[in-house]
Amino acid sequence: MAWSTNPGQLGELPRALSLQEISEEVKQYRQAAKNALMAGFDGVEIHGANGYLIDEFLCDSSNERKDTYGGSIENRCRFCLEVVDACCQEIGSDRVGIRFSPFGARQIAMDSNPQSQIEYLFSELNKRGIAYVHVIEPRGRHRNREVLQPDDVTERCRSCTRGF
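Summarised in this report is the structure supplied together with it. Note that the structure is a prediction, hence the values are computed from the model and not measured.

Concerning helix α3 (residues 73-91)
Alright, step 1. The terminal C-alpha atoms of α3, which comprises 19 residues, lie 27 Å apart, in line with the 27 Å expected from a rise of 1.5 Å per residue.
Alright, step 2. Taken as a whole, α3 carries its principal kink of about 35 degrees at Phe 79.
Alright, step 3. One or two residues past the end of α3 sits Gly 92, with phi positive at roughly 100 degrees.

Side note on the packing of α3 against helix α4 (residues 114-128)
Helix-helix packing: each pair is described by the crossing angle between the helix axes and the interaxial distance.
Alright, step 1. Across the interface, α3 lies against α4 with an axial gap of 10 Å and an inter-helix angle of 30 degrees. By the angle between their axes, α3 is roughly parallel relative to α4. Two packed elements cross with a definite hand, and for α3 against α4 that hand is right-handed. Together, Ile 73, Glu 74, Arg 76, Cys 77, Cys 80, Leu 81, Val 84 and Asp 85 of α3 and Ser 116, Gln 117, Tyr 120, Leu 121, Glu 124, Leu 125 and Arg 128 of α4 make up the contact between the two elements.
Alright, step 2. By residue class, the composition of the contact of α3 with α4 is eight nonpolar, two polar and five charged.

Brief notes about the sheet that holds strand β1 (residues 44-48)
Alright, step 1. An order of β1-β2-β3 is seen for the three strands of this open sheet, with the pairing classed as parallel. Edge positions in the sheet fall to β1 and β3 (132-135), since each of these pairs with one other strand and no more. Shown here is a sheet whose adjacent strand axes are inclined to one another by a mean of 25 degrees, direction ignored.
Alright, step 2. Bridge count for β1 against strand β2 (residues 96-100) is five bridges, and the pairing is parallel. Note that in β2 the partner of Ile 46 across the bridge is Ile 98.
Alright, step 3. Contacts from α4 reach β2 and β3 within the one sheet, and its direction differs from that of β2 by about 175 degrees.

Rules used throughout
Throughout, residues of each chain are indexed from 1 in the direction in which the sequence is written. Residue-level local features of this predicted model are given only where pLDDT is at least 70; pairs of side-chain atoms are given and counted only at 80 or more, and the full residue set underlies all totals for whole chains, interfaces and linings. Note: side-chain values were computed over all heavy atoms of the structure, leaving out hydrogens and water. Segments assigned H or I by DSSP are reported as helices when at least four residues long, segments assigned E as strands when at least two residues long, and all are numbered from the N terminus. By definition here, a helix of n residues has an expected span of 1.5 Å times n minus one. Fitting axes to the seven residues ending at a residue and to the seven starting there, one defines the bend at that residue as the angle between these axes. Axis lines are fitted through C-alpha atoms, for helices just across the contact stretch, and the angle between N-to-C directions can take any value from 0 to 180 degrees. Convention used here: angles under 35 degrees read as roughly parallel, angles over 145 as roughly antiparallel, angles from 65 to 115 as roughly perpendicular, and any remaining angle as oblique. A crossing counts as left-handed when the near helix is turned anticlockwise from the far one by less than a right angle, and as right-handed when that turn is clockwise. In this description, contact between two residues means that some pair of their heavy atoms is separated by no more than 4.5 Å. Charged residues are taken to be Asp, Glu, Lys and Arg, nonpolar residues to be Ala, Val, Leu, Ile, Met, Phe, Trp, Tyr, Cys and Pro, and polar residues to be all remaining types, Gly included. Two strands are counted as paired when DSSP detects at least two bridges linking them.

Now the structure itself:
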């Protein structure tokens, strides 16, 4: 069953985006960054956390794709990095930040190996010179039942970066 704006009616069932639709999503992020600056904002924070679209691509529990956007960590990070690249090209990397919840479990988006994921993702973000990474600390247990304390997450993330 899928959510609908019309009570009593079923909405469209979720489906994987086509490659063309993924390209269009990246263009929308680029346009949103441009619009933010035109509206007087100093920069943008890309929302890649809490089970939203970027997080769904990143996490192996929600990303079941069999193409270049699914499977390996590198492939699952591809959409996120394309969005970051598009925003950086549009407004400059010094005006782009991104938010993650790598050790969280929201909606259906959880990763079985978040440490390896952030190691790869942060190394790629370091190459792009973005302004910052905003990491959300977990509240409670991660999927593997490991209890993580905020300091643990900070140190795990810090060990993957040379600083943003």
